[in-house]
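# An overview of the molecular structure
Listed here are the chains, written in short residue letters.
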Amino acid sequence: MKQAEGKVLMGKLERRGKHPLKSSLVTGTVTAVWLMLQTTLATPPSMAQGSPRESSGLTYSALVQKIQAGEVARVEIDPVRGVAEVRLKNQPKDSAPQEVVLFGDSNPELIDAARKNNVDLEVQPSTDGGTVAWLITHGLLAFVLLMVLLMFLRRTTNSSGQAMSFGKSKARFQMEAKTGVLFDDVAGIEEAKEELQEVVTFLKKPERFTAVGAKIPKGVLLVGPPGTGKTLLAKAIAGEAGVPFFSISGSEFVEMFVGVGASRVRDLFKKAKENAPCIIFIDEIDAVGRQRGTGIGGGNDEREQTLNQLLTEMDGFEGNAGIIIIAATNRPDVLDSALLRPGRFDRQVQVDLPSYKGRLGILEVHARNKKLDASVSLETIARRTPGFSGAELANMLNEAAILTARRRKEAVTPLEIDDAIDRVTTGMTLTPLLDSKKKRLIAYHEVGHALLMTLLKNSDPLNKVTIIPRSGGIGGFAQQSFNEEMIDSGLYTRSWLLDRITIALGGRAAEEEVFGDAEITVGASNDIQVVANLAREMVTRYGMSDLGPFALESGNSEVFLGRDWMSRVEYSEEVATQIDQQVRTIAVRCYAESRRIIRENRELMDQLVDMLLEQETIEGEQFRQIVGQHTTLPEKQLMAAKVS
Ligand code: ADP
Ligand code: MG
Ligand code: ZN
C-alpha cells in the first residue's frame, strides 16, 4: 500500500512540467558545472604552467658566482619544484625574484657559497604543504559541486521527471482505486455494466473459465456517443474490481518526439505485468488508435509507432496473463482494424444513449443529492428528454438546482426543471422583444411550425411554442414532444420524415404567406439546413426515393482525412445529378404542402399569432384546443390531447 501511494504521488508529480524546455536547461547547467570542475581539477599549483615568477636567464653556476660576488640578497630553495628563487641586491623591491633550476636534492656549492657570503638562505618545507592544501580545498570544492549537481539532478527527476524519464508511462496507478464511483452510480447502461462486471470475474477467478477451456478476453472496447458514461463506467470498475487499476488517456501517449509514446506503452505494460492481475484503462483510445497510413501528406510517425507498440504489447509473446485492457472511444470508425480484431479487443461493448428506462435510472442517480419538490416527477422528465445523454441529464438537473438556488426556493420544482431543459436544449432565456415588426415575424414563423406540428398526420404533438428569445440568436421556437419509441428505436418512417421536412419549412411558408416573397428572412436558415440534410439522407442513405432502395453513401458522413478523401464518391456524375434532383423534388413538394396548409388556415394562424404575441408562450394543450375549434385534428393529435 505504501509503495503504491508513493507511485501515485510520483505519477502526479511527473505530470507537471514541459520537458523539452526543461531538459535543455538541465543539460546546459550540467555542462557548465562540469567545465568548472574540469578547470579546477586540472591545475594544481606545482604543475601550473606559465608560473607568475619571472624565469631568469640565470644558470646554476652563474648564481654561485653572483653569490660569491656578493650581488645576491636572498636565496629561497623550493625542493618540490627543484628551483631556487633568487633576489638580487640591485633588483627593484617590487619585482619578482628570479628562478634558477637546481641540480638535485642537495646543492652543496650553493649552500656553501651562500653561507660564506652571508646570503639569506631559506629552504621551504619539503612536505609539499602547498599541494596538500590545494588538494584539500579544491577537493572539497569539487565534492560540494558534485553534491550540488547530484541534488539538482535528483530534484529534476523527482519534480518534473522529464529529464530522466522521457518514456515513462504517465498512467495513474491505483492499487485499490478510490475514484468514489460505484456501480450504483452508473445507471441506464445495464448491458455494458454486466459485461464489465464479468470482466472483473475473469480476473478474480480465472480458473472457472480456463477449466472449461475458455480463453480469457484480452480487451474490452467501450463504444458510444460522448456523455453516455464510458469513463464513468471505467471509474466504477476501478472502484469495485478490487484489483490494481491503471488509467491513462490516449492523448497522453502522443508526444512531440518520435518513440516516446511507444516507450510509454512499453513501460505501462511492464508495470502492469508486475502487478497482474490488473486492469489497464485507456480512455479516448482513438487518439492513438487511428487507422495507420492516413492523413494527407504522410502518416504520423510517432502515432504509428505508438500504435504498433500497443498492438505488439497486446499480443504479448509471453501472454499478458491476468491483464485486461479496457478502452473507450466515441469514434470506433476511425480505429485501426488491427486493433479491433479478435485477440486484441475481443469484445466491443456498445454504450448507447439511454432509453426511457435508462434516463429514469440516471435521473434517479443524480437526483439523490438534490432537493426535489414532491411535485417533480422523474418519469415525466424522462419522457420529455429522448435523445439526452447521461451527461446532458446530469447537467440539466444541476442547472435546475442552480436556478432553484438563484430563485431562493427550498426545493426544485417542475418550473425549474422545465427552464433547465429549455436552457440545455436551446440556450438561456433572454428578455422578450418589445413589440415590433420583428417580433410579429418571429411569431408567424413559429406559429407556422406549430400549426404544421398540430395538423400533420404523422407529426409528434406540439409541446409548446414560444417567442421568448434565447441566447445563441434564437428568437423563439416550437417544440415537439417526440414519440420516444421511435426516437429510441431509430425506426423513422418515410411519412414521418416527410412530415418533419414539411414542419421545418412551415416557418418560411408562414413568413412568405403573410409578408410576401420579398420579406422572407434569413431566420429560416437553420430550418433549410435541416431540410437539406434530411432530404439528402432519405435519398442517399435510406433508399426512400425513386432512385431505388440502395445506399449511395456510407453512414459516416464526415470525411476522414486520407481514407475517405479519394473514395468518397461512389457514384457517377449522372447519378449525382439524379440525387440532386430527387432531393429537390422532396423539398419542393414538402414546401408546397406546407404553403397549402398555412394558406387554408390563415385566419386561425392570425388568431394564434395574436395570442402568442400577448402571452409569449402557448402550451401544446392550449394550442391544440384552439386549433380543434376550427378544424378536426388528426388522430395522433387527438390521442395526445387525451393523454396530456
Ligand atoms: P463519456 O462516455 O463521454 O466518457 P462520461 O462517463 O465522462 O461520458 O460521463 C460524464 C458524466 O455524465 C458523468 O460523470 C456522469 O455524471 C454523467 N453520466 C453519464 N452517463 C451516466 C450514466 N449512465 N449514469 C449516471 N451518470 C451518467
Ligand atoms: Mg469519456
Ligand atoms: Zn424555424
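Look a little higher up for the structure.
About the thresholds
- In this convention, every chain numbers its residues from 1, walking through the sequence in written order.
- Both sets of labels track the order of writing: A upward for chains, 1 upward for ligands.
- The model is predicted, so local features are restricted to residues of pLDDT at least 70 and side-chain atom pairs to those at 80 or more, both for listing and for counting; the totals for chains, interfaces and linings are taken over all residues.
- Just so you know, side-chain values use all the structure's heavy atoms and leave hydrogens and water out.
- Strand pairing is defined by DSSP finding a minimum of two bridges between the two strands.
- Per the convention used, a helix needs a DSSP run of H or I reaching at least four residues, while a strand needs a run of E reaching at least two, with both numbered from the N terminus.
- Lines fitted to the C-alpha atoms define the axes, with helices restricted to the stretch that makes contact. Angles between their N-to-C directions range from 0 to 180 degrees.
- Residue contacts are defined here by distance: any two heavy atoms, one from each residue, within 4.5 Å place the two residues in contact.
- By this rule the span expected of a helix is its residue count minus one, scaled by 1.5 Å.
- Burial classes follow relative accessibility: with a 1.4 Å probe on protein chains only, a residue under 20% of its type's maximum area counts as buried, one over 50% as exposed, and anything between as partly exposed.
- Stacked, edge-to-face and tilted labels apply to pairs of Phe, Tyr and Trp rings (six-membered ring for Trp) whose centres lie within 6.5 Å, assigned for plane angles under 30 degrees, over 60, and everything in between, in that order.
- Throughout this description, any angle smaller than 35 degrees is read as roughly parallel, any larger than 145 degrees as roughly antiparallel, any in the 65 to 115 degree range as roughly perpendicular, and the remainder as oblique.
- Note on convention: near helix rotated counterclockwise from far helix by under a right angle means a left-handed crossing. Clockwise means right-handed.
- When residue character is reported, Ala, Val, Leu, Ile, Met, Phe, Trp, Tyr, Cys and Pro are called nonpolar, Asp, Glu, Lys and Arg charged, and the others, Gly included, polar.

## A word on the sheet that holds strand β14 (residues 617-619)
Strand-to-strand pairing in sheets goes through backbone hydrogen bonds, with the strands running parallel or antiparallel. Ordered in space as β13-β12-β14, the three strands form an open sheet in which the pairing is antiparallel. What marks the edges here is a single partner per strand, and that holds for β13 (477-480) and β14. With strand direction ignored, the average angle separating the axes of adjacent strands in the sheet is 10 degrees. The pairing of strand β12 (residues 462-466) with β14 spans three bridges and is classified as antiparallel. Paired with Thr-466 across the two strands is Thr-617, which belongs to β14. Packed onto the sheet, helix α23 (residues 602-615) meets β12 and β14 and runs at close to 115 degrees relative to β14. Against the sheet, helix α24 (residues 620-630) makes contact with β12 and β14, and its axis sits at roughly 80 degrees relative to β14, the strand it touches most.

## Section: α23
Along its 14 residues, α23 runs 20 Å from first to last C-alpha, staying within 8% of the 20 Å computed at 1.5 Å per residue. If you check which residues of α23 are buried, you get Leu-604, Met-605, Leu-608, Val-609, Met-611, Leu-612 and Leu-613. Just beyond α23, the residue with positive phi is Glu-616, at close to 70 degrees.

## As for the packing of aromatic side chains
Counting across every chain of the model gives four aromatic pairs. Ring plane angle 85 degrees and centroid distance 5.8 Å describe the contact between Tyr-444 and Phe-515, whose orientation is recorded as edge-to-face. Of the two residues, Tyr-444 is situated in helix α17 (residues 437-455) and Phe-515 in helix α19 (residues 494-515); the sequence distance between them amounts to 71 residues. Across the pair, Phe-515 and Tyr-444 agree in class, each one buried. Aromatic pair Tyr-492 and Trp-496: ring centres 4.8 Å apart, planes at 20 degrees, arrangement stacked. On the accessibility criterion, Trp-496 (8% relative accessible area) is buried.

## Focus: the packing of helix α9 (residues 260-274) against helix α11 (residues 301-315)
Viewed as axis vectors pointing N to C, α9 and α11 meet at an angle of 25 degrees, and their least axial separation amounts to 7 Å. The orientation of α9 relative to α11 falls into the category roughly parallel. In terms of crossing hand, the pair formed by α9 and α11 is right-handed. Contacts between α9 and α11 pair Val-260, Gly-261, Ala-262, Val-265, Arg-266, Phe-269 and Lys-273 from the former with Glu-302, Gln-305, Thr-306, Gln-309, Leu-310, Glu-313 and Met-314 from the latter. Residue classes in the contact of α9 with α11 are distributed as six nonpolar, four polar and four charged.

All quantities given are derived from atomic positions and should not be read as evidence of function.
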